[in-house]
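Given next are the chains, with one letter for each unit.
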Amino acid sequence: MTQRHDTRLNLSAGVMSVIVALVLVLAKLWALAQTGSLAVAATLADSAMDLMMSLGALAAITYAAKPPDDDHNFGHTSAEDLAALGQSLFILISAGVITVAAILRLLDDAVTLPEREGQGIAIMLLSIALTLGLVLWQRHVARKTDNKVVKADSLHYLGDLIPNIGAIIALWASAAFGLGQIDSVVALGAAALLAVGALRIGKGAWDALMDRQADREMIAGISAITADFPGVHGFHDLKTRVAGSRVFVNLHIELDGDQTLEQAHDIGAALRRAITAAYPRADVLIHKDPVGVQRHPNDTRP
């Protein structure tokens, strides 16, 4: 029941993200035609990338929610990381294009001032309002589901507020003081934010695809639960890996070798329930060893 509820929440965040991004792309296309502002063009490119990211995120959330099957015994959650890695590459390309355009305009002696700045400012204000509403909903969903794609999308949209505010400043400076170069400077700042966000998203996706371990706090928490658990005399070989919003945990516990298999099973099952109660997105596999057992000489485990 919890997993189905989480899936519905994640999908709602994904659908809302796509709708908001599409509305903003259409609105900023109109604003760019009206103003000719490079700062507006930068936010338009950002919204276009947002739309691509949101579509990819929605597809990844839908695919990752599929249950394990014969070909994917551990589920499909790595789709989230693949989507995030691809999105980060598109964002970097967009940032490069904006940077080149802004530098060329800065080097051009004939500065072209934006036109009809008031209409452009109105669209930017609409963009800020819609983005804030989306971020609030995404953060609510992320708190409930701990979904990596929703978290990343929320952080990215939160970062979009700065270029939108910058575009308003550039349009106002052009209208009030005729300062056309501010338009290009704001575009460069927006491109830098895009690049930083892309690198952050890409690094997180790459770490997950390379089976990076869970964060230190989670590992310490699992260790504390296991160390104090009744019937467990020790543990070793605690290993974790992250895939999308799931964390896979392998753990060896040491039990009294004189107890029955059923008793050992009950202790392992109870420990697994305790760990998943503390970390609901964890997939836990527990191996049981007798206390004091020595590793076989042919055992090559690290």
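Quick note: structure is the one above.
This structure is a prediction, so every number in the text was calculated from the model and none was measured.

The rules behind the values
- Note that residues are indexed from 1 along each chain, following the sequence as it is written.
- Selection of residues for local features in this predicted model requires a pLDDT of at least 70, selection of side-chain atom pairs for listing and counting requires 80 or more, and totals for whole chains, interfaces and linings are taken over all residues.
- Processing note: side-chain calculations cover all non-hydrogen atoms of the structure and skip hydrogens and water entirely.
- Only DSSP runs of H or I with at least four residues qualify as helices, and only runs of E with at least two residues qualify as strands; both kinds are numbered from the N terminus onward.
- Each residue is placed in one exposure class: buried if its accessible area under a 1.4 Å probe, protein chains only, is under 20% of its type's maximum, exposed if it is over 50%, and partly exposed if it falls in between.
- Whether two residues are in contact is decided by their heavy atoms, any of which lying within 4.5 Å being enough.
- Values of accessible area rely on a 1.4 Å probe in the Shrake-Rupley scheme; residue burial ignores everything except the protein chains shown.
- The working definition used for a salt bridge is a side-chain nitrogen of Lys or Arg within 4 Å of a carboxyl oxygen of Asp or Glu.
- By definition, two strands form a pair when at least two bridges between them are found by DSSP.
- Looking down the strands as they point away from you, a crossover is right-handed if its path from the first strand over the helix to the second goes clockwise.
- A helix's residues, less one, multiplied by 1.5 Å, set its expected span.
- Here a polar contact is taken to be a pair of N or O atoms separated by no more than 3.5 Å, where protein atoms must pair a possible hydrogen donor with a possible acceptor and residues adjacent in sequence count only if both atoms sit in side chains.
- Structural elements are reduced to axes, namely lines fitted to C-alpha atoms, with helices fitted over the stretch in contact, and the angle between N-to-C directions of any two is expressed from 0 to 180 degrees.
- To define a nonpolar core, start from buried Ala, Val, Leu, Ile, Met, Phe, Trp, Tyr and Cys residues and group those joined through side-chain atoms within 4.5 Å.
- What counts as a ring pair is set by centres within 6.5 Å for rings of Phe, Tyr and Trp (its six-membered ring), and what kind of pair is set by the plane angle: stacked under 30 degrees, edge-to-face over 60, tilted for all other angles.
- Only when the NZ atom of a Lys or the CZ atom of an Arg is both within 6 Å of the ring centre and within 35 degrees of the ring normal do we say a charge sits over the ring.
- Surface patches are drawn from residues lacking salt bridges whose relative accessible area is over 30%; two like charges belong together within 9 Å, two nonpolar side chains (Val, Leu, Ile, Met, Phe, Trp, Tyr) within 5 Å.

## Some details on the overall build of the protein
Broken down by element type, the protein carries eight helices and three strands. The N-to-C order of helical and strand elements in the protein reads α-α-α-α-α-α-α-β-β-α-β. Scored against the burial criterion, the 302 residues of the protein give a buried share of 44%. In the protein, the proportion of contacts linking residues at least 24 apart, taken out of those at least 6 apart, comes to 74%. A total of about 15,600 Å² of accessible surface is found on the protein, and carbon and sulfur atoms cover 65% of it.

## Brief notes about the pattern of salt bridges
Across all of its chains, the model carries one salt bridge by this definition. Of the charged contacts in the structure, one is a salt bridge between arginine 246 and aspartate 283, with a shortest N-O distance of 3.9 Å. Remark: aspartate 283 occurs in strand 3 (residues 282-290) and arginine 246 occurs in strand 2 (residues 246-255); sequence separation between them is 37 residues. The exposure class assigned to arginine 246 is partly exposed, which follows from its relative accessible area of 24%. For aspartate 283, a relative accessible area of 30% corresponds to the partly exposed category.

## Some thoughts on unusual backbone geometry
Both trends apply: most residues other than glycine have a negative phi, and most peptide bonds are in trans. If you check the backbone angles, aspartate 237 has positive phi at about 50° while not being a glycine. Along the chain, aspartate 237 turns up in strand 1 (residues 234-243). Accessibility expressed as a relative area gives 19% for aspartate 237, which makes it buried.

## Let's talk about the environment of alanine 27
Counting through the fold element by element, alanine 27 comes out in helix 1 (residues 2-35). Accessibility expressed as a relative area gives 13% for alanine 27, which makes it buried.

## Quick look at the pairing of strand 3
Across nine bridges, the pairing between strand 2 and strand 3 is parallel. In the strand pairing of strand 3, asparagine 250 is matched with leucine 285. Traced from strand 2 through helix 8 (residues 261-278) to strand 3, the parallel crossover comes out right-handed.

## Description of helix 7 (residues 216-227)
In this model, helix 7 (12 residues) spans 16 Å end to end at C-alpha, consistent with the 16 Å of a helix rising 1.5 Å per residue. Those residues of helix 7 not exposed but buried are Met218, Ile219, Gly221, Ile222, Ser223 and Thr226. Contacts made by the buried residues of helix 7 are with strand 1, strand 2, helix 8 and strand 3. Between the side-chain oxygen at the start of helix 7 and the backbone nitrogen of glutamate 217 there is a gap of 3.1 Å, and the oxygen is on aspartate 215.

## A short note on the side chain of serine 17
Note that serine 17 resides in helix 1. When neighbours within four sequence positions are excluded, serine 17 is seen to be in contact with Ser54, Leu134, Gln138, Asp153 and Tyr157.

## As for the sheet that holds strand 3
Overall, mixed pairing links the three strands, which are arranged 1-2-3 in an open sheet. Whereas interior strands pair on both sides, the edge strands pair on one side only; in this sheet they are strand 1 and strand 3. Taking the axes of each pair of neighbouring strands and ignoring which way they run, one obtains an average angle of 10° across the sheet. Lying on the sheet, helix 7 is in contact with strand 1, strand 2 and strand 3; it crosses strand 1 at an angle near 150°. Against the sheet, helix 8 engages strand 2 and strand 3, with an angle of about 150° to strand 3.

## Brief notes about the nonpolar core
With 19 residues, the main nonpolar core has Val232, Ile253 and Leu271 as its most contacted residues. Tallying contributions element by element places strand 2 first for this core, with five residues. Each residue touching isoleucine 253, except ones within four places of it in the same chain, is listed here: Thr226, Val232, Gly234, Phe235, Gly268, Leu271, Ile286, His287, Lys288 and Asp289. Ranked by size, the runner-up nonpolar core spans 14 residues in total, among them Ala45, Ala84, Ile98 and Ala102.

## Notes on the packing of aromatic side chains
In this structure the tally under the stated criterion is zero aromatic pairs. Sitting over the ring of phenylalanine 248, arginine 241 keeps its end group 4.5 Å from the ring centre.

## A few points about a nonpolar patch on the surface
Taken together, the side chains of Val15, Ile19 and Val23 present a nonpolar region at the surface, about 230 Å² in accessible area. By the secondary structure assignment, valine 15 is in helix 1.

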